[in-house]
Amino acid sequence: MKPVRIGLLGLGTVGGGTVNVLTRNAAEIMRRAGRGICIAHAAALEYDAAAIEGLSQIQRITQDAFAVVEDPSLDVIVELIGGYSLARELVLAAIESGKHVVTANKALIALHGNEIFSAAQRRGVTVAFEAAVAGGIPIIKALREGLAANHVEWIAGIINGTGNFILSAMRSDGRDFAEVLAEAQALGYAEADPAFDVEGTDAAHKLTILGSLAFGVPLQFDKTYTEGITKIETQDVAYAAALGYRVKHLGIARRTSDGIELRVHPTLIPQRRLIANVEGVMNAVLVKADAVGPTLYYGAGAGSEPTASAVVADLVDVVRALTTDSENRVPHLAFQPDQLSDMPILSMEQIETAYYLRVQALDQPGVMAKVAGILGDAGISIEAIQQKEPAAGDTHVPLIMLTRRVKEGQMNAAIGTIEQLEAVNGEVTRIRLEHLAG
C-alpha cells in the first residue's frame, strides 16, 4: 500500500524529535503500521536544522500552517505548535477537511477537547493525543484500552517534571524554592516564566484529560482545583521527611458517591510508597482500579524523543485505523460519546483529605492547647503533633500537626480562626496528605 502522507505543524523540540524517530525507525514503524509514513509537508516559522537528522526526508517546508492543513494530498495532520487559539483553528480546519489529527497539545485538549472530539465524530476522523499527558508514558492508551475492563477508583500522578525536580532537590539538598527554580531554568527544565509549571496549570490540563478518560465525563478544566508549589518552604519538606513523608506535587482524580474530585496541589505521601520515590524530572501515574488493583506507569514526562515516541505511536494507530470504519474505533475519551456521564465535579470545599499543618506560635504555655482546641471544636482530629525548637533569637516556635481526614471547608474555617490568635505569627502552612496504595 502507498505510504500515508502527513503534514507536520511545528519543527521545535517535539517536532524535530518526531522527524528523527520517523526517519531512524522507518522500517520498524512500517512493519507495525502495515504502511510507510512520510512527512509530505511541514510548517515552521523557525527550526534548528542541525538538530533534525531527518530534515532532508521532509518533502516540503513552509511557514504557512494553514497551507499544510489545506493540502488535499495529506491524510493526517500532526499539531505540535502548542497554545490555544491558533492550534484550535488549525485542528478544527483539519478535521473539517476530513483529515485525521495527532496532537501533543494538552492545553488544547483540556480546554477545547469536547468541541474537537464532537467535530471529529461528525466527520468520522480520529484525534489522537497520547503525547498530551506524561510525555512518553502510554497512560492514555492504558486508560482507554488496557484498563477497559475496570472500574477506575482513583488516579494520582506526578505529571509535571519541573515541579518534581524542584521538590526533589529541596528535599535532597536542603535548598530553598527560589534557588532550585533558578537551577531548573539554567538546565532548561523550566521556562523563563515558570508560572505554567510551578503554579500547577500544566498539571491541571493533564489531570483534566486523565479524569475524563478514567470516569467517562466531559472535559471540565474550569472545575479542576489548582494550587502550585511556590509557597512550599524547605523546612516543611524537612519536617515531612522526619515524619516519614515526602512532598510531591500531585494531580489527583477520584470517584466518590457524591461526585468526582479533580485537584492539583502539593501533597504529603508516605515515603515507602513507590510514587513517593519518583525523583527529578521523571513522571509517574498511579491508577487504582477494581479488578487489577493499583498499577504504576513511570517514565520520561517530557523531552524531544520521549514525547515523539508517543506522537509516532499515535500515528501508527491512525494508520491502522485508516482501514476501519469510524464507528468501530476506540472512542476519544474511552467511553462512547453518547455514554458520557453527568456526574458532578466536586468543589475543593467538599473534598475530604488529611492535612499537614505548620503554625508559627509564640513560645509560651497554653498556645498548643489553644490551637488543638480550635481544631477539636471544628471536628478535626489530630493524628500527631510536635513542637520544634525555636531558631536562635526567635520568639516563635513551629507547631507541626498531622490531622485525620476532614472536609476542606471545615479546615479552612479552623485555619481562619487559628490565624486570628494573637499568639500566632502569619499564615498557617497547609499541605494535604494522601495515604496512596501502591
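Draft legend 1. Region of the structure containing the overall build of the chain. Summing up its helical and strand segments, the chain has 14 helices and 17 strands in all. In summary, the chain has a C-alpha radius of gyration of 24 Å against a globular reference of 22 Å for 438 residues, a match within 12%. With the C-alpha coordinates aligned to their principal axes, the bounding extent of the chain is approximately 80 × 45 × 35 Å. Classification of the 438 residues of the chain by burial places 53% in the buried group. For the chain, long-range pairs separated by at least 24 residues make up 74% of all intrachain contacts whose partners lie at least 6 apart in sequence.

Draft legend 2. Fine view of the pattern of salt bridges. Using the criterion set out here, one finds 27 salt bridges in the structure. Measuring nitrogen to oxygen at the nearest pair gives 3.0 Å for the salt bridge that ties Glu-261 to Arg-263. Taken as a pair, Glu-261 and Arg-263 share a single burial class, namely buried. Among the ionic contacts, a cluster of salt bridges with common partners joins Lys-141, Glu-145, Asp-317 and Arg-320.

Draft legend 3. Broad picture of the nonpolar core. If you look at the biggest cluster of nonpolar residues, it comprises 57 residues, and the most contacted ones within it are Ile-95, Phe-129, Ile-139, Leu-143, Ile-155, Ile-209 and Val-287. Tallying contributions element by element places helix H10 (residues 201-215) first for this core, with 8 residues. If you look at the next biggest cluster of nonpolar residues, it comprises 32 residues, including Leu-11, Val-14, Leu-22 and Val-78.

Draft legend 4. Quick peek at the pairing of strand S2 (residues 37-43). Most of S2 sits out of view: 7 of its 7 residues are buried. The pairing of strand S1 (residues 4-9) with S2 spans 6 bridges and is parallel. Across the sheet, the residue bridging to Arg-5 is Cys-38, located in S2. Bridge count for S2 against strand S3 (residues 61-62) is 2 bridges, and the pairing is parallel. Across the sheet, the residue bridging to Ala-43 is Thr-62, located in S3.

Draft legend 5. Inspection of the environment of Ala-156 at higher detail. Inspection of the secondary structure assignment puts Ala-156 in strand S7 (residues 152-158). Residue classification places Ala-156 among the buried residues on the basis of a relative accessible area of 0%. Separated by 131 residues in sequence, Ala-156 and Val-287 place their C-alpha atoms 6.6 Å apart. Those residues in contact with Ala-156 that lie beyond four places of it in its chain are Leu-250, Gly-251, Ile-252, Ile-275, Ala-284, Val-285, Leu-286 and Leu-436.

Draft legend 6. Broad picture of the packing of helix H13 (residues 367-377) against helix H14 (residues 408-418). The geometry of H13 relative to H14 is characterised by a closest axis approach of 9 Å and an angle of 150° between their N-to-C directions. Considering the angle they form, H13 stands roughly antiparallel to H14. At the point where H13 passes H14, the crossing takes the right-handed sense. In contact with Val-371, Ile-374 and Leu-375 of H13, H14 contributes Ala-414, Thr-417 and Ile-418. Looking at side-chain class alone, the contact of H13 with H14 contains 5 nonpolar, 1 polar and no charged residues.

Draft legend 7. Layout of the sheet that holds strand S6 (residues 127-128). The strand order across the open sheet built from 6 strands is S3-S2-S1-S4-S5-S6, with neighbouring strands paired in parallel fashion. Edge positions in the sheet fall to S3 and S6, since each has one partner strand and no second. Pairing of strand S5 (residues 100-103) with S6 involves 2 bridges; the strand directions are parallel. Its bridge partner being in S6, Val-102 is matched across the sheet by Ala-128. Contacting S1, S2, strand S4 (76-79), S5 and S6, helix H12 (residues 304-321) runs over the sheet at an angle of about 165° to S5.

Draft legend 8. Structural context of the packing of aromatic side chains. Counted under the stated rule, the structure contains 2 aromatic pairs. For the ring pair Phe-165 and Tyr-189, a centre distance of 5.0 Å and an interplane angle of 65° mean the geometry is edge-to-face. Of the two residues, Phe-165 is situated in helix H7 (residues 161-173) and Tyr-189 in the loop between helix H8 (177-186) and helix H9 (195-198); the sequence distance between them amounts to 24 residues. A relative accessible area of 37% means that Tyr-189 is categorised as partly exposed.

Draft legend 9. Region of interest: the packing of helix H6 (residues 139-146) against H10. Remark: H6 packs on H10, axes separated minimally by 9 Å, with the N-to-C direction vectors making an angle of 15°. The angle between the axes of H6 and H10 places the two elements in the roughly parallel class. Like other packed secondary-structure pairs, H6 and H10 cross with a definite hand, here left-handed. Along its contact with H6, which presents Ile-139, Ile-140, Leu-143 and Arg-144, the element H10 presents Ile-209, Leu-210 and Leu-213. When grouped by side-chain class, the residues that make up the contact of H6 with H10 number 6 nonpolar, no polar and 1 charged.

Draft legend 10. Here's a closer look at the environment of Ala-321. Within the element layout of this structure, Ala-321 appears in helix H12. Residues Ala-321 and His-100, 221 residues apart in the sequence, show an inter-C-alpha distance of 9.9 Å.

Draft legend 11. Structural context of a nonpolar patch on the surface. Nonpolar side chains collect at one region of the surface, where Tyr-84, Leu-111 and Phe-196 lie side by side and expose about 250 Å² of accessible area between them. Looking at the secondary structure, you find Phe-196 in helix H9. Under the relative-accessibility criterion, Phe-196 is labelled partly exposed at 36%.

What counts and how
- Residues numbered from 1 in each chain as written.
- Predicted model: local features only at pLDDT ≥ 70, side-chain atom pairs only at ≥ 80, totals over all residues.
- Heavy atoms only, no water.
- Helix = DSSP H or I, 4+ residues; strand = E, 2+ residues; numbered from the N terminus.
- Rg over C-alpha atoms; globule rule 2.2 N^0.38 Å.
- Buried < 20%, exposed > 50% of the residue type's maximum accessible area, 1.4 Å probe, protein only.
- Contact = heavy atoms within 4.5 Å.
- Salt bridge = Lys/Arg side-chain N within 4 Å of Asp/Glu carboxyl O.
- Core = buried A, V, L, I, M, F, W, Y, C linked by side-chain atoms within 4.5 Å.
- Pairing = 2+ DSSP bridges.
- Axes fitted to C-alpha atoms, helices over the stretch in contact; angles between N-to-C directions.
- Parallel < 35°, antiparallel > 145°, perpendicular 65-115°, else oblique.
- Left-handed = near helix turned anticlockwise from the far one by under 90°.
- Nonpolar A, V, L, I, M, F, W, Y, C, P; charged D, E, K, R; others polar.
- Phe/Tyr/Trp six-rings, centres within 6.5 Å; stacked < 30°, edge-to-face > 60°.
- Patch = residues over 30% accessible without salt bridge, like charges linked within 9 Å, V, L, I, M, F, W, Y side chains within 5 Å.
- Areas by Shrake-Rupley, 256 points an atom, 1.4 Å probe, with all protein chains shown as cover.

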